[in-house]
Amino acid sequence: MQHVMCYVYKKYRRRGHNDATEVEAEGLNEENGKEGEEDDHKMTTNEYIFALVGYAIGIGNIWRFPYVIATNGGSAALLAYIICAIFVAWPMFTYELILGQHLRKSFIKAWNTVRPRWRGFGFAQLMLIFICNSYFSVVIAYTLPYIKASCITPLPWTVVGTKKYWEEDVLGKLPTPNLIKGLGGFEGEMLVALSVFWVIIFVSVAFGKNVLAKITYVTVTMPIVLMFVLLIVAVRQPGANLGIEFYIGKFDTGKLTEFSTWAAACSQILFSLGSGFGTAVTYSSFVDRKEDVYKASMIVCFMNSAFSIIGGFAVFSIIGWVAQRTGQTVEETASAVGPGLAFFTVAEAMGLFGDAQNVMSVLFYVMLFTLGLDSAYAWTETIVVAVKEELAKKGIKLIKWQLILILCVMMYLFGLVFVSRKGFEILDMIDMFVGTVFLLYLVFVETFIFNFDYGWRRLEAALKAATVGNKGTPNGRTVFPSWLCRIDFHGTVPLATGALFLYELINLGRNNYEGYPMSINGWGWFLLCLGIVISWTTIWKSAPGKLLPIEEDPAFQEIFSPEDKEVGNGDDDEVPEKLAGSGNDPGEDDDFADNELGADAGLRQPLDDADDVAKKQELVA
């Protein structure tokens, strides 16, 4: 994501209802400290897709996905995952990319533009990202003790046992956690690992953008290559067929009638792909206004799910091999390890590489580390952009590295609870209440916003306007297949996320999650309720949004003829196939100029009023 953050001021033109305002600004190049130098760098299609793939494919594809499948009936859960991907997560991710590209704003400003009452919803998404990034950082940091141990011969877990090493040496779990008051102290090695992780994040986000831009291709491609290596080795082991049979052959139809299976599958693909977090909206506000975000979305969605499914074959092959050795069933083996299944299976698999096990162990745990880093970078940048915008509105200006330092320290401190002796149980609980239930709630509310305040017709127009005149789509791209996408937009996504949210809410109210004491589950309830309350803090605002009528929006001028503009009469009208208008780049007629944050973070924001124009001119002067 960092390599998209190096834009400078450009010349944009604003055309309002009755007047036109033109603002020209010389670039403030933060990278070299010089004023007046324009950076002509444009993010290419490949850069954009690699950035999205790096964000979407993370350690959650290996850490979360196999455990969800293993604890929800194997192939039945896999089928539920695929259905939720196609009919819920993929459409939402696509709609968010289209929205971000059209509005050219980060997520909080985007929702405020759609309608001010949804500003609180944006803050709720900010809370979601902050909490998830805080505990997700601990999951990534679990790899660091393994990387250190991989340099020791023999590998430590081959001596004491893989499960014991995971629980005692990495987690420092207490034998009877429910009988210990408080957090039980901190696990020293994990405390150091978490500290190292946040130092890396801070230095990378604050000062390492140029380096990150160069290594993005490596951090995206290396995990894919290594995963195929692990798959080839794993499927050749005795007992691997038992794991694969459980994964794709054992079909328990009864599991498909359980809401818990669908809730777990749906939240997994939403979490993995990043739908509902606001990052996808922010990402697309950086991209060229003529980029085909629909095509990019389909590539990213497919690669994300394909990586999870292929990784599942590798993980379950190893579980089958372990199950045959221990005389347990695949389900018993997977359930005994718990949410740490991915770390257990990778550690077990290293013994298969013989004399090269130390080298391969380093490579595989570095792979897991880099998988997590790409997602953590994206979330951290998203938080920085949103917070800096809000501070700027209040007249508070901080040097960017100072703001990044403050936010990284805050997330580090919040994450300390997860490296305590009870930390893994707390992490598991927070992942359920926030990373699952709260995420389902936010996606449900987001579908409400799309349906009632943004609209299907505007979504179609935004995609068509962005792609019209492009090579391969001279007449513009339409959402395909339109009839299925409309069903998703109006029906499948809101009904699925709303129903699953209510189910999980009721289920958690009836039963303590995983039998954890109320001293642990109580924090989950507090954060869930807090997030819901935050999302409704601005619902009382009745002011209309800043979206122009579709036929009057300069961004759509190429796809509407004068006759279309006169007869346009509602959201159910189809976007015309006929093209008319001046044929100019919508970007030249749209109302966009970068503010101070835009120069810093790459956001290109619209000028909302004359006061903003004056501020821009004063800033340039």
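Computed from a predicted structure; not experimentally measured. (Residues numbered from 1 in each chain as written. Predicted model: local features only at pLDDT ≥ 70, side-chain atom pairs only at ≥ 80, totals over all residues. Heavy atoms only, no water.)

> An account of the overall build of the protein chain is needed here, citing residue identities and associated values.
On a plain count of helices and strands, the protein chain comes out with 27 helices and 6 strands. Looking at the protein chain residue by residue over its 621 residues, the buried ones come to 60%. Pairs at least 24 residues apart make up 82% of the contacts formed inside the protein chain by residues separated by at least 6 positions. (Helix = DSSP H or I, 4+ residues; strand = E, 2+ residues; numbered from the N terminus. Buried < 20%, exposed > 50% of the residue type's maximum accessible area, 1.4 Å probe, protein only. Contact = heavy atoms within 4.5 Å.)

> Could you give me a rundown of a nonpolar patch on the surface, with the residues and numbers involved?
Among the surface-exposed residues, Val199, Val203, Phe207, Ile399, Trp401, Leu405, Val409 and Leu413 lie close enough to one another that they form a single nonpolar patch of about 720 Å² accessible area. Breaking the nonpolar patch down by element, the ones donating at least two residues are helix H10 (188-207) and helix H19 (400-415). Considering every element that reaches the nonpolar patch, the biggest residue donor is H19, with 4 residues. With respect to the helices, strands and loops of the structure, Ile399 is situated in the loop between helix H18 (357-393) and H19. (Patch = residues over 30% accessible without salt bridge, like charges linked within 9 Å, V, L, I, M, F, W, Y side chains within 5 Å. Areas by Shrake-Rupley, 256 points an atom, 1.4 Å probe, with all protein chains shown as cover. Salt bridge = Lys/Arg side-chain N within 4 Å of Asp/Glu carboxyl O.)

> Report on the environment of Gly243, specifying residues and quantitative values.
Looking at the secondary structure, you find Gly243 in helix H12 (residues 240-249). Sequence separation of Gly243 and Ile319 is 76 residues, and the distance between their C-alpha atoms is 5.8 Å. Every residue in contact with Gly243, bar those within four places of it in the chain, is listed here: Phe316, Gly320 and Val330.

> Could you give an account of helix H17 (residues 341-350), with specific residues and numbers?
The element H17 is extensively covered by neighbouring structure, given that 10 of its 10 residues are classed as buried. Those residues of H17 lying buried are Leu341, Ala342, Phe343, Phe344, Thr345, Val346, Ala347, Glu348, Ala349 and Met350.

> Give a detailed account of empty space enclosed by the protein, specifying residues and quantitative values.
Counted under the stated rule, the structure contains 7 cavities of 30 Å³ or more. Reported here for the second largest cavity is a volume of approximately 80 Å³. Forming the walls of the second largest cavity are Tyr55, Ala56, Gly58, Gly60, Asn61, Phe136, Phe271, Ser272, Leu273, Gly274, Ser375 and Trp379. Taken together, the elements giving at least two residues each to the lining of the second largest cavity come down to helix H1 (45-56), helix H2 (60-63), helix H13 (259-273) and H18. The element contributing the most residues to the lining of the second largest cavity is H13, with 3 residues. Its residues assigned to classes, the lining of the second largest cavity comprises 6 nonpolar, 6 polar and no charged. (1 Å grid on protein atoms, 1.4 Å probe; cavity = no way out; pocket = protein on both sides within 12 Å on 5 of 7 lines; lining within 4 Å. Points joined across faces, edges and corners; volume = space filled by probe spheres on them. Nonpolar A, V, L, I, M, F, W, Y, C, P; charged D, E, K, R; others polar.)

> Pulling in residues and values, what's your account of unusual backbone geometry?
Thr153 connects to Pro154 through a cis peptide bond whose omega is -5 degrees. The omega torsion of the bond from Phe480 to Pro481 falls at -15 degrees, within 30 degrees of zero and hence cis. In this structure, Pro481 sits in the loop between strand E6 (473-475) and helix H22 (482-510). The residue Arg104 is not glycine, and still its phi comes out positive at about 60 degrees. Tracing the backbone through its elements, the reader meets Arg104 in the loop between helix H4 (75-103) and helix H5 (107-114). You can call Arg104 buried: its relative accessible area is 1%. Non-glycine residue Glu514 carries a positive phi angle of around 55 degrees. If you trace the backbone, Glu514 turns up in the loop between H22 and helix H23 (518-535).

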